[in-house]
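A closer look at the structure
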Amino acid sequence: MIKRVLITILLALNVLSGIYTPSITYAHEDDFELNVGGTLEEQLSQLEAEINAIKNQKNNLQSQLDSNNYLISGYNSQLSALYGEVELYNKDIEQTTLEIQQLEISIQILEEEIAQKQKEIKQSESNIKDLDKKSILRIKNGYMNYRIYGNTDPGTTVFVISDINMYFKDSQYKELIQSDTNDLLIRLAELKNLLNIKKESLNEDLIEIARDKDIVEVKQEDLSKKKEEVDIKIAAYLQEVNALVNLNNSTQNQIAAFSQEEIRKNAEAERVRQEIFNSFTPVGQGEYVLSGKYIGRQGATGWATGAHLHFSVQINNAYYNPCNYLAGGVCGGNGSIDWPVNPVMYFTSGYGNRCYTWNGTPYCDFHSGIDLVGNAWNAPIYAAHDGYLFKGVDYYGALYVIICETTNCGVGLKTGYWHLSEY
């Protein structure tokens, strides 16, 4: 008793201090041997303490895993929002880039128009100069023609110099200057003026578009800075998420290791339970019951994943398939003993070697009985045959009943009823 208490205290201290870690070096399932001394009850007590320690470690790790997953979920929500913000910035930057390109094209078009108007103005100025030269030349030529071939006074050959102004006014000047040259000069001057006005207007448009371009470029630079800030936040969140994911992977590996150790300990506990059932020696005389007597209710006490009855059959301390001894029913037997559950709603696990998944870990073992589920959580359980009834509680807290054909339970038929909610 003192040894059991000391073992329990040491294991509890190890769990609280975080020292306890499972060994994950396993023997073959068929070679399981208990490495503790003492009675079967002391062995069960030590196994119970070790299994509870493993459960505590797994629960702590699972709590950490759940906490990390909660943080990751929060980070993912924030990342989703940030990614949406980045996408908006990208769209805005893309839009401003297109606006800048449009403005640059407009500037290029205006510059070409201004250059064209400048060229036209120069051409107009050149034309005006040419016409000025031609006008002066015409005047000179007219004047010279007049001096050489002009009118003379009737009856004489002497030039009438006093009539020269009237001559130019009435004939040559009006014909050559007013009707031709001056009109061209005026039109060219008007065209030059219009071209200058258009050039000034284009220059004003150019200044306005250049100002718009500067504004858009400032806006784009501001968007790029904001996007860069969001990218930095995203990188920080991703770093946190990756760290938590790596921690979760490590934690899951630890949980898997504890689960493997838990499977081993449970296998050892099952072996001890079988030994207890095999070597069950009543301390006192049990109550003699007849087949069909109510002996308890279906439950999930002890190591059970749900309400059911684990029913086993031994003859002369050797296990046999209960289906071979039951009278008909869901597993097809034609024996003589009655069904302990009536009616049976589910036949969940058969007798013999089986493989299943426990806490996400595949596992195979030898099932020493059959698992039955009644039509209600507390479905009544009945004695399957006549015999002496004994009650007990295993180290998991499972309530059980053993009915023996003889008083010492060493020979003859013996049946076991496990996980009862009451008896």
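Everything below is about the structure shown above.
Residues numbered from 1 in each chain as written. Predicted model: local features only at pLDDT ≥ 70, side-chain atom pairs only at ≥ 80, totals over all residues. Heavy atoms only, no water.

A separate point is the pattern of salt bridges. A pair can form between side chains of opposite charge whenever their charged atoms are brought close. The tally for this structure, following the rule as stated, stands at eight salt bridges. For Lys-226, the salt bridge identified is with Asp-222, shortest N-O distance 3.4 Å. In this pair, Lys-226 and Asp-222 are both assigned in helix α3 (residues 164–278), four residues apart and thus about one turn of the helix distant. Judged by its relative accessible area of 35%, Lys-226 falls in the partly exposed class. Note that Asp-231 is salt-bridged to Lys-227, the shortest N-O span being 3.1 Å. Residue Asp-231 and its partner Lys-227 are located together in helix α3, separated by four residues, close to a single helical turn. Owing to a relative accessible area of 31%, Asp-231 belongs among the partly exposed residues under this scheme. (Salt bridge = Lys/Arg side-chain N within 4 Å of Asp/Glu carboxyl O. Helix = DSSP H or I, 4+ residues; strand = E, 2+ residues; numbered from the N terminus. Buried < 20%, exposed > 50% of the residue type's maximum accessible area, 1.4 Å probe, protein only.)

One pass over the full model with this rule turns up two disulfides. Each sulfur in the disulfide pair Cys-355 and Cys-364 lies 1.9 Å from the other. Taking the sign of the S-S torsion, 105° for the link of Cys-355 and Cys-364, the bridge is right-handed. What makes Cys-355 exposed here is its relative accessible area of 59%. Cys-404 shares a disulfide with Cys-409; S-S distance 1.7 Å. Taking the torsion about the S-S bond as the criterion, the Cys-404 to Cys-409 disulfide, at about 100°, is right-handed. Considered together, Cys-404 and Cys-409 belong to a single accessibility category, that of buried residues. (Disulfide = S-S within 2.5 Å.)

As a further point, take the pairing of strand β13 (residues 399–404). The buried count for β13 comes to six of six residues, which makes it a mostly enclosed element. Of the two faces of β13, the one holding Leu-399, Val-401 and Ile-403 and the one holding Tyr-400, Ile-402 and Cys-404 are both buried throughout. Two elements, strand β12 (residues 387–393) and β13, share six bridges in a ladder whose sense is antiparallel. When the sheet's bridge partners are listed, Tyr-388 is paired in β13 with Cys-404. Once β12 ends, the chain turns through five residues before running back antiparallel as β13, passing Gly-397 with a positive phi of about 95°. (Pairing = 2+ DSSP bridges.)

Geometrically, the link from Asn-342 to Pro-343 is a cis peptide bond, its omega value of 5° lying close to zero. Tracing the backbone through its elements, the reader meets Pro-343 in the loop between β6 (333–334) and β7 (344–349). Phi is positive for Cys-409, close to 60°, though the residue is something other than glycine. Structurally, Cys-409 is set in the loop between β13 and β14 (413–422). Taking the relative accessible area as the measure of exposure, Cys-409 reaches 2% and is therefore buried. Even without being a glycine, His-419 presents a positive backbone phi close to 75°. Here His-419 is to be found in strand β14. Among the residues examined, His-419 registers a relative accessible area of 7% and is labelled buried.

Here His-367 lies in strand β9 (residues 361–367). At 3.4 Å, the side chain of His-367 forms a polar contact with the side chain of Ser-349. In terms of polar contacts, His-367 uses its side chain to reach the side chain of Asp-371, at 3.4 Å. (Polar contact = N/O pair within 3.5 Å; in protein donor to acceptor, adjacent residues only side chain to side chain.)

The next point concerns the pairing of strand β2 (residues 294–298). Both β2 and strand β11 (residues 380–382) contribute to a ladder of three bridges, which runs antiparallel. Directly across from Gly-296, in β11, lies its bridge partner Ile-381. Inspection of the sheet shows β2 paired to β14 by two bridges, in the antiparallel sense. Paired with Gln-298 across the strands is Leu-420, a residue of β14.

None of the figures reported here should be taken as evidence of function without further support.
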